[in-house]
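Here are the chains, one letter per residue:
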Amino acid sequence: MTGEKCGIFAAYGVKNAAKLIFHGLYSLQHRGQESAGMVISDQHGVREHKGMGLVSEVFQGDILKKLTGSIGLGHVRYSTTGSSSLRNIQPFIGDCRFGNVSIAHNGNLANTNSLWKKIGHQGAVLQSTMDTEMILHLIAQSSFDGFEDAVKEALWEIRGAFSLGIMSEKNIIAIRDPWGFRPLALGKLDGGYLISSESCAFDIIGAQFIREIEPGEMLIIDENGPRSVFYAHSHRKAFCIFELIYFARPDSIIFGESVYLARKKMGWVLAEREDYDADMVIPVPDSGIYAALGFSEKSKIPFELGMIRNPYVGRTFIRPGRENRNLAVKLKLNPLKSLLKGKKIIILEDSIVRGNTSRERIKTLKNAGVKEVHMRVTSPPHCHPCYYGIDFPTREELIACRMNQEEIRQFLGLNSLRYIDINGLKKSLSKPGENFCFACFTGDYPVVPDKGLGKFILEENSSEQ
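Residues numbered from 1 in each chain as written. Predicted model: local features only at pLDDT ≥ 70, side-chain atom pairs only at ≥ 80, totals over all residues. Heavy atoms only, no water.

Looking at the secondary structure, you find V151 in helix α6 (residues 147-157). Separated by 12 residues in the primary sequence, V151 and I139 have C-alpha atoms spaced 5.4 Å apart. In contact with V151, not counting residues within four places along its chain, are I139, I166, I173, I175 and M218. (Helix = DSSP H or I, 4+ residues; strand = E, 2+ residues; numbered from the N terminus. Contact = heavy atoms within 4.5 Å.)

Okay, here's the thing in structure tokens:
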């Protein structure tokens with residue numbers, strides 16, 4: 001498994017690929033804040049640069065000027081498999097019989113353990129604790145002579161969630177798994193082509209959003225332009241609903257859906273069942289804003305920005321470690337005491353996963369003098385771990401596995417609590433709900449994971465050798 005949440009941005013046939021990828025990754029920073037990396041080719045050789053931290057921290061000074069070339073692949077990472085360390089920064093790069101090959105991955109493989117045993121028996125030595133590197137080994141060990149056929153054979157071996165960027169010295173290959181768990185998009189700029197995890201990155205650099213990469217599609221971009229091969233087909237699609245609930249930027253189009261409009265509709269759906277007349281509706285910034293707008297519009301309860309977000313503090317959900325998340329909550333949001341004191345409020349939240357972050361927020365609001373806090377949540381209770389890239393991998397971490405709704409309400413210190421349900425989520429979508437993955441709510445896994453699969457599976461395997 002690797003990092004969903006992670007972000008991929010690639011460029012082919014553009015002037016100063018490194019600069020474009022820098023801006024692309026900057027636009028995708030919300031998908032990963034632990035590390036960033038970039039590999040650039042001038043079609044004769046490659047240069048790379050990686051580091052821990054934000055995109056602006058990793059690519060300081062004259063670094064971009066040294067990364068010359070018209071082809072490139074970049075990545076921002078939040079770890080969902082493997083620890084947060086230098087050796088796990090993507091893209092991974094290696095020399096093999098196909099020349100220099102780089103790979104970046106957004107998603108989690110569900111058969112990591114099986115793959116580890118297979119390539120280990122064949123003598124592979126991993127330099128990281130990432131499932132992404134195993135894909136590189138599968139390509140190198142392929143029985144096919146041609147590079148594209150070798151990539152396809154590797155894809156036939158892997159199962160789970162994977163949107164991939166693969167770069168040779170002379171082309172870019174963009175791949176999406178047959179179930180379509182993770183987003184991936186194709187763009188165009190000044191005769192060159194771009195690949196991005198989200199369409200919002202194209203807007204920032206003035207590129208044209210052409211379309212999304214299809215599930216099961218392998219898109220090859222070379223001197224002849226883009227061409228598609230469909231290497232596999234799934235009888236069902238499994239677009240991650242949590243992308244629309246929380247993770248993707250609201251100005252992106254993913255899975256054929258406007259993220260902004262989907263979140264606003266979730267607020268509409270919740271408001272249809274509302275029977276409490278509060279003084280105001282306030283969102284948890286930023287992902288709760290658009291649902292709160294919809295909720296206010298439908299319920300006629302005034303919308304207010306009752307909590308002000310510090311723009312220099314990143315997302316609390318994707319900060320590894322409970323202490324880091326709790327500290328980030330206090331640094332991130334500051335309630336407007338003069339507005340909230342003595343008021344009865346409905347607060348719109350995107351999810352309650354572990355519960356600790358929400359509890360801290362409610363405590364802060366109560367300390368600010370709020371009379372009553374009623375929470376409405378735009379996702380159902382998380383009762384099952386995600387094996388496809390969201391970082392709540394064990395049942396023990398999920399509050400809804402330990403408590404019922406009333407117990408959660410009491411734990412959080414709320415006056416009332418209500419979640420949207422699956423049918424409500426489906427009602428919020430313009431595409432058929434059957435095309436989405438709700439496994440973290442229902443336990444219906446589209447791809448059955450290996451037994452014992454977890455975030456540190458490769459590190460555990462290595463320690464047992």
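Now that the structure is up, let's keep going.
Attention shifts here to the environment of S128. For S128, the location among the structural elements is in the loop between α4 (112-121) and α5 (131-140). A residue is classified by how much of its surface remains accessible, and S128, at 5% relative accessible area, is buried. In this structure, the C-alpha to C-alpha distance between S128 and F92, residues 36 residues apart in sequence, is 9.2 Å. Setting aside residues up to four positions removed in sequence, S128 forms contacts with R87, N88, F92 and E133. (Buried < 20%, exposed > 50% of the residue type's maximum accessible area, 1.4 Å probe, protein only.)

Of note, S296 is situated in helix α10 (residues 289-299). Beyond its immediate sequence surroundings of up to four residues, S296 is in contact with V281, I301, P302 and F303.

This brings us to a nonpolar patch on the surface. A contiguous nonpolar patch, built from L305, I308 and L336 and spanning about 230 Å² of accessible area, is present on the exposed surface. Mapped onto the fold, I308 is located in strand β18 (residues 307-309). (Patch = residues over 30% accessible without salt bridge, like charges linked within 9 Å, V, L, I, M, F, W, Y side chains within 5 Å. Areas by Shrake-Rupley, 256 points an atom, 1.4 Å probe, with all protein chains shown as cover. Salt bridge = Lys/Arg side-chain N within 4 Å of Asp/Glu carboxyl O.)

Any aromatic ring pair is given by two values, namely how distant the centres are and how the planes are angled relative to each other. Tallied over the entire structure, the rule returns 16 aromatic pairs. Taken together through their ring pairs, the aromatic side chains of W179, F181, Y387, Y388 and Y445 make up a single cluster. Between the NZ or CZ atom of K298 and the centre of the ring of W268, over which it lies, the distance is 5.8 Å. One Lys or Arg, R359, reaches over the ring of F411 and ends 4.1 Å from the middle of that ring. (Phe/Tyr/Trp six-rings, centres within 6.5 Å; stacked < 30°, edge-to-face > 60°. Lys NZ or Arg CZ within 6 Å of the ring centre and 35° of its normal.)

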